[in-house]
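Coordinate analysis (summary)
Spelled out from the first residue to the last, the chains are:
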Amino acid sequence: MDGVLSLGEEITLLSLDDETGRPVGRAGMGPDRALAGALLMELALAGRLDTDRDRLILVDAAPTGDAALDAALARLAAPGAPTDARGAIPLLARDIAAARAVILDRLVARGVLQRVDERLLWILPDRRYPKAPGRAEVTEARARLRALLLEGEIPDPHDALLLGLARAAGLLPLIFSAAELSGVQPWLEVVTRIESLNRSLAVAVADIRGVGMGTAQREA
């Protein structure tokens, strides 16, 4: 394994408790739309899409070889598909469980996570994905985002996008305390605007949640 995780993989890991492998935080659409935004960002980085806040342009419909990305690409290439990020993110979020399953299976195959199948009350199936012993990838994303904000580090494009998505989807309270977030708001504003793609897709994720970026900052 090369140790490099995609945006979709890291957003998926951020949405899981490291030890139990169950979803963390409040139930809702935030993690789903964060993952949908991550898929759009990856397609843009792969040269399949061009985007700004108002438009989503299909540049190349050729498959990428990644099952989760290619399913998203096929939806966006279908007749009548949305032509902006605000429409594309909810579209992809409808089927995000399938994309998340592909990503989780891949993380299990690569030895990053374990898959545990149990039953609740001996009846209801319960599948969870705790981290595999000794795999730093699970906690590495949180550590990098914490260093970016608490130590004032300059992010590379990948981490700028990851931070923007985590912020827009309301995942930062799962990584930082309220006091920590209050103290890093000015730097958070700077680093989430370094990468131009954040100013389109991550903003669209926040808008779709029903908040503006100003409100998202207060929630973060």
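Presented here is an overview of the structure given in this document. (Residues numbered from 1 in each chain as written. Predicted model: local features only at pLDDT ≥ 70, side-chain atom pairs only at ≥ 80, totals over all residues. Heavy atoms only, no water.)

Remarks on the overall build of the chain
- When helices and strands are tallied, the chain shows 10 helices and four strands.
- From first element to last, N terminus to C terminus, the chain shows the α and β order α-α-β-β-α-α-α-β-β-α-α-α-α-α.
- Within the chain, buried positions represent 48% of all 220 residues.
- Look at the contacts in the chain between residues 6 or more apart in sequence, and 66% of them connect residues 24 or more apart.
- Carbon together with sulfur atoms contributes 54% to the accessible area of the chain, which is approximately 10300 Å² in total. (Helix = DSSP H or I, 4+ residues; strand = E, 2+ residues; numbered from the N terminus. Buried < 20%, exposed > 50% of the residue type's maximum accessible area, 1.4 Å probe, protein only. Contact = heavy atoms within 4.5 Å. Areas by Shrake-Rupley, 256 points an atom, 1.4 Å probe, with all protein chains shown as cover.)

Comments concerning helix 5 (residues 96–109)
- Between its first and last C-alpha atoms helix 5 spans 20 Å; for 14 residues at 1.5 Å apiece the expected length is 20 Å, and the two agree.
- Taken as a whole, helix 5 has its buried residues at Ile96, Ala99, Arg100, Ile103, Leu104 and Leu107. One face of helix 5 carries all of its buried residues, which in axial projection span an arc of 135°. In this structure, helix 5 carries Ala97, Ala98 and Ala109 as exposed residues pointing more than 90 degrees from its buried face.
- Buried residues belonging to helix 5 abut helix 1 (7–14), helix 2 (30–45), helix 3 (67–77) and helix 4 (85–94).
- Once helix 5 ends, the next one or two residues include Gly111, with phi positive near 80°. (Expected span 1.5 Å × (residues − 1). Arc of directions from axis to C-beta.)

Focus: the packing of helix 7 (residues 157–168) against helix 8 (residues 178–191)
- Between helix 7 and helix 8, whose axes approach to 10 Å, the crossing angle comes to 120°. Comparing their axes, helix 8 and helix 7 come out oblique. Two packed elements cross with a definite hand, and for helix 7 against helix 8 that hand is left-handed. Across the interface between the two elements, Ala160, Leu163 and Arg167 of helix 7 pack against Leu188, Glu189 and Val191 of helix 8.
- Grouping the amino acids of the contact of helix 7 with helix 8 by side-chain chemistry returns four nonpolar, no polar and two charged. (Axes fitted to C-alpha atoms, helices over the stretch in contact; angles between N-to-C directions. Parallel < 35°, antiparallel > 145°, perpendicular 65-115°, else oblique. Left-handed = near helix turned anticlockwise from the far one by under 90°. Nonpolar A, V, L, I, M, F, W, Y, C, P; charged D, E, K, R; others polar.)

Section: the nonpolar core
- By size, the foremost hydrophobic cluster in this structure holds 53 residues, and its most contacted members are Ile11, Leu40, Leu76, Leu113, Leu145 and Leu172.
- Residue assignment for this core shows that the elements contributing at least two residues are helix 1, helix 2, helix 3, helix 4, helix 5, helix 6 (137–150), helix 7 and helix 8. (Core = buried A, V, L, I, M, F, W, Y, C linked by side-chain atoms within 4.5 Å.)

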